[in-house]
Amino acid sequence: MSQFIQRTELKTFYYTPVHCPFCGTRVMGADPLDETRITACQHTLFIAHDTAFEYRSARLNANLSLEGMSDQQVEAAWLADERGIDGFTDTVTLTDAIKVAAYAPEPSAYGSYYGFAPVDAQLDN
Ligand SMILES: [Zn+2]
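Presented here is an overview of the structure given in this document. Because the structure is a prediction, the values reported are computed rather than measured.

**Section: the overall build of the chain**
Next, step 1: In terms of regular secondary structure, the chain is built from three helices and five strands.
Next, step 2: Order of helices (α) and strands (β) in the chain, N terminus to C terminus: β-β-β-α-α-α-β-β.
Next, step 3: Once the C-alpha set of the chain is aligned to its principal axes, its extents read approximately 40 × 35 × 30 Å.
Next, step 4: Within the chain, the fraction of its 125 residues that count as buried is 37%.

So, in structure tokens, the structure goes:
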């Protein structure tokens, strides 16, 4: 049985740099010259904020049926979720997947979302 991605929320320490729980790669802000640069490891499923995906892995595209879609079609897909990208990425069902949702406090209420899942070469996922 597949289950939905497990969520962890950062609300107070939302600015804490997020590292992959499986290999320790710092996925955002690792480059001191460009803190917006993304460093996706093999476990990274997605990196997103409230208005767009910054990164989508092939595993994510397959799991959420986004394969072959244009960026506009992908946007339409998550806009169809009443909770937007946050809700849409909650529907990931990859085995033992983990999501970190970092919410900046009111009034900005800006969210950043990071998804990870283990890689099992035997399952070839
Ligand atoms: Zn990793």
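**Considering the sheet that holds strand β1 (residues 6-10)**
Next, step 1: Reading across from one edge, β1-β4-β5-β2-β3 is the order of the five strands in this open sheet, with mixed pairing throughout. Two strands bound the open sheet, and with one partner strand each, they are β1 and β3 (52-56). Taken pair by pair, the neighbouring strands of this sheet meet at an average axis angle of 15°, ignoring direction.
Next, step 2: Looking at chain direction, strand β2 (residues 44-49) and strand β5 (residues 111-116) are connected through five bridges and run antiparallel. Bridge pairing links Ala48 to Tyr113 in β5.

**Some details on the packing of aromatic side chains**
Next, step 1: Counted under the stated rule, the structure contains four aromatic pairs.
Next, step 2: Seen in terms of ring centroids, Tyr14 and Tyr15 are 5.1 Å apart; in terms of plane orientation they differ by 80°. Their pairing is edge-to-face.
Next, step 3: By relative accessible area, Tyr15 is classed as exposed at 55%.
Next, step 4: Taking the centre distance of 6.0 Å and the plane angle of 70° together, the rings of Tyr103 and Tyr113 count as edge-to-face. Placement of the pair is Tyr103 in strand β4 (residues 98-103) and Tyr113 in strand β5, with a sequence separation of ten residues.
Next, step 5: Exposure remark for Tyr113: the relative accessible area of 2% places this residue in the buried category.
Next, step 6: Clustering of aromatic rings is evident, with ring pairs tying together Phe13, Tyr14 and Tyr15.

Rules of the game
- Residues numbered from 1 in each chain as written.
- Predicted model: local features only at pLDDT ≥ 70, side-chain atom pairs only at ≥ 80, totals over all residues.
- Heavy atoms only, no water.
- Helix = DSSP H or I, 4+ residues; strand = E, 2+ residues; numbered from the N terminus.
- Buried < 20%, exposed > 50% of the residue type's maximum accessible area, 1.4 Å probe, protein only.
- Pairing = 2+ DSSP bridges.
- Axes fitted to C-alpha atoms, helices over the stretch in contact; angles between N-to-C directions.
- Phe/Tyr/Trp six-rings, centres within 6.5 Å; stacked < 30°, edge-to-face > 60°.

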